[in-house]
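Chain residues, written in single-letter form:
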Amino acid sequence: MQVSSLNEVKIYSLSAGRSLPEWLSDRKKRALQKKDVDIRRRIELIQDFEMPTVCTKIKVSRDGQYIMAVVVTFEILSDDYSKIVFLQCGRFVEFHSQHGHYYRTRIPKFGRDFSYHYPSCDLYFVGASSEVYRLNLEQGRFLNSLQTDASESNVCDINPVHFLFAMGTAEGKVECWDPRTRNRVGLLDCALSSVTADTEIDGLPSISALKFDGALNMAVGTSTGQVLLYDLRSSNPLIVKDHHYGLPIKSIQFQHQLDLIISADSRIIKMWNKDTGKIFTSMEPEYDINDVCLYPDSGMLMTANEAPKMNIYYIPVLGPAPKWCSFLDNLTEELEENPESTVYDDYKFVTRKDLENLGLAHLIGSSLLRAYMHGFFMDIRLYHKAKMMANPFAYEEYRREKIRQKIEETRAQRVQLKKLPKVNKELALKLIEEEEEQQVTRKRKQKNLSSLLKDDRFKVMFENPDFQVDEQSEEFRLLNPLVSKISEKRKRKLKILEELEAQEQEEEEEPEGKASDAESSESSDDEKGWVEEVRKQRKLLRQEEKVKRQERFKEDQQTLLKPQFFEIKEGEEFRSFKDSAKKQKLMKKTLGDRLKLEEKLGTLNVSDTTVGSKQATFKLKKSEQQKKQQEAEKQHRQERKTLRRSASHLKSKRGRGRLFH
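A brief structural summary.

Procedures and definitions
Residues numbered from 1 in each chain as written. Predicted model: local features only at pLDDT ≥ 70, side-chain atom pairs only at ≥ 80, totals over all residues. Heavy atoms only, no water. Core = buried A, V, L, I, M, F, W, Y, C linked by side-chain atoms within 4.5 Å. Buried < 20%, exposed > 50% of the residue type's maximum accessible area, 1.4 Å probe, protein only. Helix = DSSP H or I, 4+ residues; strand = E, 2+ residues; numbered from the N terminus. Contact = heavy atoms within 4.5 Å. Phe/Tyr/Trp six-rings, centres within 6.5 Å; stacked < 30°, edge-to-face > 60°. Lys NZ or Arg CZ within 6 Å of the ring centre and 35° of its normal. Pairing = 2+ DSSP bridges.

### Section: the nonpolar core
Burial of nonpolar side chains together is a common tendency in soluble globular proteins.
Now for step 1: The biggest cluster of nonpolar side chains holds 20 residues, and the ones touching the most others in it are Leu-14, Leu-45, Ile-58, Met-300, Met-302, Ile-312 and Leu-328.
Now for step 2: If you list the elements that add at least two residues to this core, you get β3 (57-60), β26 (300-305) and β27 (311-314).
Now for step 3: The leading source of residues in this core is β26, at three residues.
Now for step 4: Ignoring any residue separated from it by four or fewer positions in sequence, one finds Leu-45 in contact with Leu-14, Met-300, Ile-312, Trp-324, Cys-325, Phe-327 and Leu-328.
Now for step 5: Membership of the second largest hydrophobic core comes to 15 residues, among which are Met-271, Val-292, Ile-315 and Leu-318.

And the structure:
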């Protein structure tokens, strides 16, 4: 038993696998079953379910007890096998009863299909003629034939509700006749309706399959692989489905439980919804298909093949197992744990356009292509051979692609370019170096450390020029005493990265970068020169400040002083110009001069911290009233100290110094 799945629909093939010869001993059979999984999982559901030759038609009796298969076609007239009519190859019509052969007659032309009209007991034969032959079983004689407009007819069917007779012609039309009046009541041009915008056909489609469903629905299959669903009240089809194989439709069945139409050509069986046209599932038997039979009120499906062997499938979603093999339900539940899905590892999926580009469009419909969805599966070896012939320069393209892959592999081993932002490039390079160091420690400590470059909160710092770090400022130089050496290293590295980016754009070879060990070897020298760098930076800052003061002094001397007059506001007293002039002179001074003056007066205290920064402490000036209040509080505290009395006499004599209790 093999299990396949398509669209989450499990299909169990009950006739797949190899069978064992009957002449083998039981010991040999057990040994083979242990070695071969296919033999061990094979289920012989029906003994000797094979034909001496090929079979073209398979049916199940209405009571579900008998399965029959023949070469051309047949019809079961009773509920069991007691009354059967066979249409044979040599224009013979043979009748069988329960005991066997009963009667044999012959029709004028070769027949292809026939149907039985129960109300009148008439057999309608269609075939290689424009006439429809009628044989009445009650009278035992031929009746007047129905003259049609067709040159030949392929299939026919009778509606089970109102007994309308329909036949499919070689011209791609369906003629409908009323058996009561023996007149034609309708004509459908299915060949014209089967051709759509996406359909490609090589000739005029003929009708190859026909099936009624209820009183109003009828499905028609064409010789070019299309299935049309009609409402008898309209001449336009409701749905047109294409099998994409270009092969004649062999059989059409209706599954009423799920509203499905089961259509089959010689290569594939498709199940699709008759309302939406959506594919439900499909399967491809190992042999070419001639007919499909759905076991009544169950999920079992059987096929008549172009081989002596017939296939049996069980699809649980379509219905339960038949009563005579109800154990299949329990067996399939056990096999659901290890399904064997169809895998197309050795096949290449191609569309119709790909086949035209490869020059293989003529293979459509052959055994070399398997239709699937909107394209086909073909052998991967055939695909490579066809592609090599269609594109002789494919090897050169393959060679260039391999060379490009080799170049990419070598580039991955070289210096990896880092995309730096336009603003604060040196800061971004510093963060990248720290992140690389963190990646090493992250492997050891297994901690996730975030990067400022990837944090959206700080992305403006690397985009807006207003956030550019001023490396010449006093604060930056004091906080970074080793900035000179480190900045020189980063500038050299930035220069190398810019050169690499330029060379990458020109698709040239990349230069080798500096080893990462070079910077780590110089870390000890940087630590030793910490104090020297701090002193050097301080000395440079003092020199720069001295030069700035000299320049400001020269500018003040060159400025001409002009007399200015001021008006006193009402309600204010005039004070000496000394205070205002002193304040005005103080406001003209720089912040550094004012800080030094405040430091001399004792109101400011500036000290250096251990990390190289400065700490400033200001003391606010006190008014005369505040000074008097502080002096009074000081005298009050001194008076309280003089009036304080001792409490030593409160100690207990018996407690030897302990307080009384």
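The structure having been displayed, the exposition proceeds.
### Describing the packing of aromatic side chains
Now for step 1: Scanning all chains against the criterion turns up nine aromatic pairs.
Now for step 2: With centroids separated by 5.5 Å and ring planes inclined at 70 degrees, the aromatic side chains of Phe-349 and Phe-377 adopt a geometry described as edge-to-face. Of the two residues, Phe-349 sits in strand β28 (residues 347-351) while Phe-377 sits in strand β30 (residues 375-379), which places them 28 residues apart along the sequence.
Now for step 3: For Phe-377, a relative accessible area of 11% puts it in the buried group.
Now for step 4: Seen from the ring of Phe-110, Arg-91 lies directly overhead, with NZ or CZ sitting 5.7 Å from the centre.

### Structural notes on the pairing of strand β11 (residues 131-136)
Each regular strand shows side chains that alternate between the opposite faces of the sheet.
Now for step 1: Taking burial as the measure, the six residues of β11 include five buried ones, the bulk of the element.
Now for step 2: In this structure, strand β10 (residues 122-127) lies alongside β11, joined through four bridges in antiparallel fashion. Within the sheet, the bridge partner assigned to Asp-122 lies in β11 and is Asn-136.
Now for step 3: Linking β10 back to β11 in an antiparallel pair, the connection comprises three residues.
Now for step 4: The pairing of β11 with strand β12 (residues 141-147) spans five bridges and is antiparallel. Looking at the pairing, Leu-135 lines up with Phe-142 of β12.
Now for step 5: Following β11, the chain reverses through four residues before pairing antiparallel with β12; Gly-140 in that reversal takes a positive phi of roughly 75 degrees.

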